Amino acid sequence: MLSDIWWPPCRIIRLVGQPIASTTSIMHRYSTNPYDSAQSNCSQIGIHFGLPASSQLIARLVLRNRRFLVATPDYLARRGTPQRLSDLSGHNCIIIRQEDTAYDLWRFAEGRESVKVGGTLSSNDGEIARNWTLAGLGIMMRSEWDVNRHIAAGRLVKVLPGHFSEVHIYAVYPQPSHLSAKVGRFVEFLSQRLARSFG
């Protein structure tokens, strides 16, 4: 089975690489273009944050996920804690650049709220951006599964916790899949792994 991993953090990649069963093999290929799979002749599964735009792909939910604003207690002590979204204009917001999205526009409440942000740091690598945040360099918007352990340890705190976005994680594959049984087993495995590790 070919597993295309589309824009996932490295912790998810490591989980996918763990064995599923002796009868199933995985060849992993990291891709920045999830829609190549729809034209492929082989069965591929992608891990996608949010529903894909392509109608040629089937999406199955594997983990519910929210994105929160977080910062270190030290940063907030130095710069102050925002009380409303408009206060973010006075803060160093650490920006993650992904795909062709408006990376400096943070959206909340399923797109009903948004705020344009700016700062001195941006990256297309979420792990680097998270490490900058842990170093007390600014505020970032990040998935709860990636920051919950840091919040529990007191290294990060939520900023404006009433404002978040829901960006669930889906397994995505072309239709029809000629390996539907294997695809189903892989998706079930992935869902259980992610729920146990991050849910």
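Structure: above.
None of these values were measured; they are calculated from a predicted model. (Residues numbered from 1 in each chain as written. Predicted model: local features only at pLDDT ≥ 70, side-chain atom pairs only at ≥ 80, totals over all residues. Heavy atoms only, no water.)

**Student:** Describe the overall build of the protein, naming the residues involved and giving the relevant values.
**Tutor:** Along the backbone of the protein there are five helices and twelve strands. Relative to its 199 residues, the protein shows a buried fraction of 46%. Sequence-distant contacts in the protein: of pairs separated by 6 or more residues, those separated by 24 or more amount to 77%. Of the roughly 10000 Å² of accessible surface on the protein, a fraction of 49% belongs to carbon and sulfur atoms. (Helix = DSSP H or I, 4+ residues; strand = E, 2+ residues; numbered from the N terminus. Buried < 20%, exposed > 50% of the residue type's maximum accessible area, 1.4 Å probe, protein only. Contact = heavy atoms within 4.5 Å. Areas by Shrake-Rupley, 256 points an atom, 1.4 Å probe, with all protein chains shown as cover.)

**Student:** Which residues make up the pairing of strand β12 (residues 169-174), and what values go with them?
**Tutor:** The two faces of the sheet receive side chains in turn, since in a regular strand these alternate between them. The buried fraction of β12 is high, at six of six residues. When strand β4 (residues 57-63) meets β12, the two strands line up antiparallel, connected through six bridges. Its bridge partner lying in β12, R60 is registered against A171. (Pairing = 2+ DSSP bridges.)

**Student:** I'd like a rundown of the pattern of salt bridges, residues and numbers included.
**Tutor:** Applying the stated criterion to the full structure yields eight salt bridges. Between D146 and R142 there is a salt bridge; the shortest N-O distance is 2.7 Å. Across the pair, R142 and D146 agree in class, each one buried. Residues joined in a network through salt bridges with shared partners are E127, R130, R142, D146 and R149. (Salt bridge = Lys/Arg side-chain N within 4 Å of Asp/Glu carboxyl O.)

**Student:** Could you give an account of the sheet that holds strand β11 (residues 157-166), with specific residues and numbers?
**Tutor:** Ordered by their spatial adjacency, five strands build an open sheet running β9-β6-β10-β5-β11, and the pairing between neighbours is mixed. Every interior strand has two partners, whereas the edge strands, β9 (122-123) and β11, have only one. Pairing of strand β5 (residues 66-71) with β11, which is carried by six bridges, proceeds in the antiparallel orientation. Within β11, the residue paired with A71 across the bridge is V157. Docked against the sheet, helix α4 (residues 144-152) engages β5, β10 (139-143) and β11, running at close to 115° with respect to β10. (Axes fitted to C-alpha atoms, helices over the stretch in contact; angles between N-to-C directions.)

**Student:** Describe in detail unusual backbone geometry, supporting the description with residues and values.
**Tutor:** Located in the positive-phi region is L160, a residue other than glycine, with phi close to 50°. Checked against the element boundaries, L160 lands in strand β11. Relative accessible area serves as the criterion here: at 10%, L160 is assigned to the buried category.

**Student:** If you had to explain α4 to someone new, which residues and values would you point to?
**Tutor:** For α4, the set of buried residues is E144, W145, D146, V147 and H150. Looking one or two residues past α4, G154 carries a phi angle of roughly 85°, positive in sign.

**Student:** Account for the packing of aromatic side chains, with residues named and values stated.
**Tutor:** Counting across every chain of the model gives one aromatic pair. Aromatic pair F68 and F164: ring centres 5.4 Å apart, planes at 45°, arrangement tilted. Of this pair, F68 sits in strand β5 while F164 sits in strand β11, and the two are 96 residues apart along the sequence. Given the relative accessible area of 3%, F68 is considered buried. A cation over an aromatic ring shows up here: R66 above the ring of F164, its NZ or CZ 5.3 Å from the ring centre. (Phe/Tyr/Trp six-rings, centres within 6.5 Å; stacked < 30°, edge-to-face > 60°. Lys NZ or Arg CZ within 6 Å of the ring centre and 35° of its normal.)

**Student:** Pulling in residues and values, what's your account of the nonpolar core?
**Tutor:** In terms of nonpolar packing, the biggest core is built from 16 residues, with L69, L88 and W106 touching the most fellow members. Listed by contribution, the elements that provide at least two residues to this core are β5, α2 (73-79), β6 (93-96), β7 (105-108), β10 and β11. With near-sequence residues (within four places) excluded, W106 lies in contact with L69, L88, C93, I94, E113, S114, V115, V117, I139, M140 and M141. By size, the runner-up hydrophobic cluster in this structure holds 15 residues, among which are I47, F49, F186 and V187. (Core = buried A, V, L, I, M, F, W, Y, C linked by side-chain atoms within 4.5 Å.)

**Student:** Can you explain the environment of V115? Please cite residues and give values.
**Tutor:** Topologically, V115 is positioned in strand β8 (residues 113-116). Once the C-alpha coordinates of V115 and L88 are considered, the two residues, 27 residues apart in sequence, prove to be 8.1 Å apart. Excluding its chain neighbours within four sequence positions, the residues that come into contact with V115 are L85, L88, D104, L105, W106 and F108.

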